[in-house]
Every structure is written in C-alpha cells, then in structure tokens.
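Coordinates in review
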Amino acid sequence: MANNLLAGKVGIISGALNDQSIAWKVAQRAHAEGARFVLTNAPLAMRMGEINKLSEECNAPIIPADATSTEELEKLFAGAQEQLGGKIDFVLHSIGMSANIRKKKHYGELDYKFFQQTIDVSAMSFHKMMAVAEKQDAMNEWGSIVALSYIASQRAFLDYTDMTQAKAMLESIARSYGQRFGKLKKVRVNTVSQSPTKTTAGTGITGFDAFYNFADMMSPLGNAPAEACADYCISLFSDLTRYVTMQNLMHDGGFSTTGISAEIVDVLTKVSGQQS
C-alpha cells in the first residue's frame, strides 16, 4: 500500500536490469510512493536488460552511464537535474560485477586485472558517484544515498571471491563519505546488506542455491525478498530516517545474528544418522 512517502522527491536509480533486479523493485516502489527519478545503467547492461519497459511503467527517463567513468557520471548528475528540474533527494547504487565469478575462478587463481575491475565497478564507482554529486552540489539537504551490500563483506563465503573485498570497500566508503556528506549537506549515506536474492547477478554465483537455502534455514524470518528490500530502501529515502547514516543495515531475516537454527540442526542430524 502506497503512503506517498516520497511525494515531491526526485532521484537517481542505478542498476535495474530486469524484473528480478532489486533496483527494478525499488523503482516501482519509488514511483508508487510519489517520487520522480532517472534510471541509469551501463550501456552494455542496458542492451542485455529490459530497462525501457521499466522506464515506460514509471515514466522515468533513462540516462546511460558507465559508473566507472567520472565524465559519464558528471553527465548523469547534470542530466538528471535538468530532467527532474532541480537537485537530487535520493540515489540508489545497485552496481556490482565480477568477471572472476563469471569465469568461475576460485580465490587462489584470481585474474588481478579482473579483480581491479571488480573493485572499480562494484565499489569505487560508489565513491565516484558521490564525489561527482558533491562537486556539482547536486544533492538537496537531508538527501539519502543507499548502496546494496552483502554479508560476505564481513564473513568468508565460498565462491564469492573478489566480490567479498568489493563489498567490504563499498561499506567503508559509505562510512567515510557519510561523515563528509553529513557535515557538508546533511546527506546521509548507508548500505543495505541484503539476503541472498534470486537476481541475474546472484544466481550467476557457483553454488547460489546452496547459499540461498542455507540462509533461508538459518534466518528466523527466512530470506528477505527483493520486494521487501525495496520497501526498506524507500524508508531510507524518506524523511522517516533523517538521522540514520554511515550504517551497514542488515536486511536478512536475522541471518547475521543467528548462530545455528533448529532447521540446520535437523539437517545435520539426518546427514549424521545416514552416514553412521
């Protein structure tokens, strides 16, 4: 149910590829809550995805931008302000890519050029985005910037490889730039650490189904779906969370603070019984 939480607000939403994307769900919810916004993605991702469909549904213009390029980000923020008629109230960074994961390279055989690309695309782009916004004075006071993360930033997960370091860097950038932007413009910066989610990027990770099922059994509330993550992001864009900043906010059904669950004990007991 819509409550006009974002009525009068304008923003930029990056990373919507198809209707499985969390960014896609955020755009739909932002539209329902009264926001106007620009959609953006890298040109290659746009060719692979269905962003034009979302643009029509939400009446949102599209400005292509490679988030690793400061020049293209400058055009994005300038173009968004022109299209939306003023400064920006909210930004979603939903950008992540690892060629090492795509090529199924294990952690001991990472291609370091790919590793640098992972960091640039998945983390450094967040800093570049905010640096451009600052230089252009593009953000309204009490604006909100949110990036999507994952608990592998804090724990070792098989086959998440170099994205683990990228997410850790992403969260660190949120803290450092959150302090700076808060002092400059009272803009808050947070990351949301989401449950494993069946997006195009997520399901490309080797063993994703095991990740997903394990987290679902561990979490008292089960895995948080993409739609619920979108709701959470909307709350962070709204004025209801004006004093929340520099946080990595867990949106994972309780997974991050659960030691072991009855469901996992049952599975291990059954396996142990079968082996004996």
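Residues numbered from 1 in each chain as written. Predicted model: local features only at pLDDT ≥ 70, side-chain atom pairs only at ≥ 80, totals over all residues. Heavy atoms only, no water.

In the nomenclature of an unreviewed UniProt entry, the protein is known as Enoyl-[acyl-carrier-protein] reductase [NADH] of Hymenobacter monticola. Looking at the Catalytic activity (unreviewed entry) heading of the UniProt record, one finds this comment for the protein: "a 2,3-saturated acyl-[ACP] + NAD(+) = a (2E)-enoyl-[ACP] + NADH + H(+)". (UniProt positions renumbered as here; feature names shortened; annotations may be inferred.)

The subject of this paragraph is the pattern of salt bridges. Throughout the structure, instances matching the rule amount to 11 salt bridges. Among the ionic pairs, D239 bridges to K9, the shortest N-O distance being 3.0 Å. Placement of the pair is D239 in the loop between α9 (226-237) and β6 (248-251) and K9 in the segment before β1 (10-14), with a sequence separation of 230 residues. The exposure class of K9 is buried, given its relative accessible area of 12%. A salt bridge links K53 to E50; the nearest nitrogen and oxygen atoms lie 3.6 Å apart. (Salt bridge = Lys/Arg side-chain N within 4 Å of Asp/Glu carboxyl O. Helix = DSSP H or I, 4+ residues; strand = E, 2+ residues; numbered from the N terminus. Buried < 20%, exposed > 50% of the residue type's maximum accessible area, 1.4 Å probe, protein only.)

With 12 residues, α9 extends 17 Å from end C-alpha to end C-alpha; this agrees with the ideal 16 Å at 1.5 Å per step. Inspection of α9 places A226, C229, A230, C233, I234, L236 and F237 among the buried residues, and these make up the whole buried set. Taken end-on, α9 shows its buried residues confined to a sector of 160°, consistent with a single buried face. For α9, the secondary structure elements touched by its buried residues are α1 (22-32), β3 (88-93), β4 (139-149), β5 (188-194) and β6. (Expected span 1.5 Å × (residues − 1). Arc of directions from axis to C-beta. Contact = heavy atoms within 4.5 Å.)

Before going further, it helps to spend a moment on the state of the cysteines. All told, the structure shown has 0 disulfides when counted by the stated rule. Not part of a disulfide, C229 finds its nearest cysteine sulfur in C233, a span of 4.4 Å. We classify C229 as buried; its relative accessible area is 0%. (Disulfide = S-S within 2.5 Å.)

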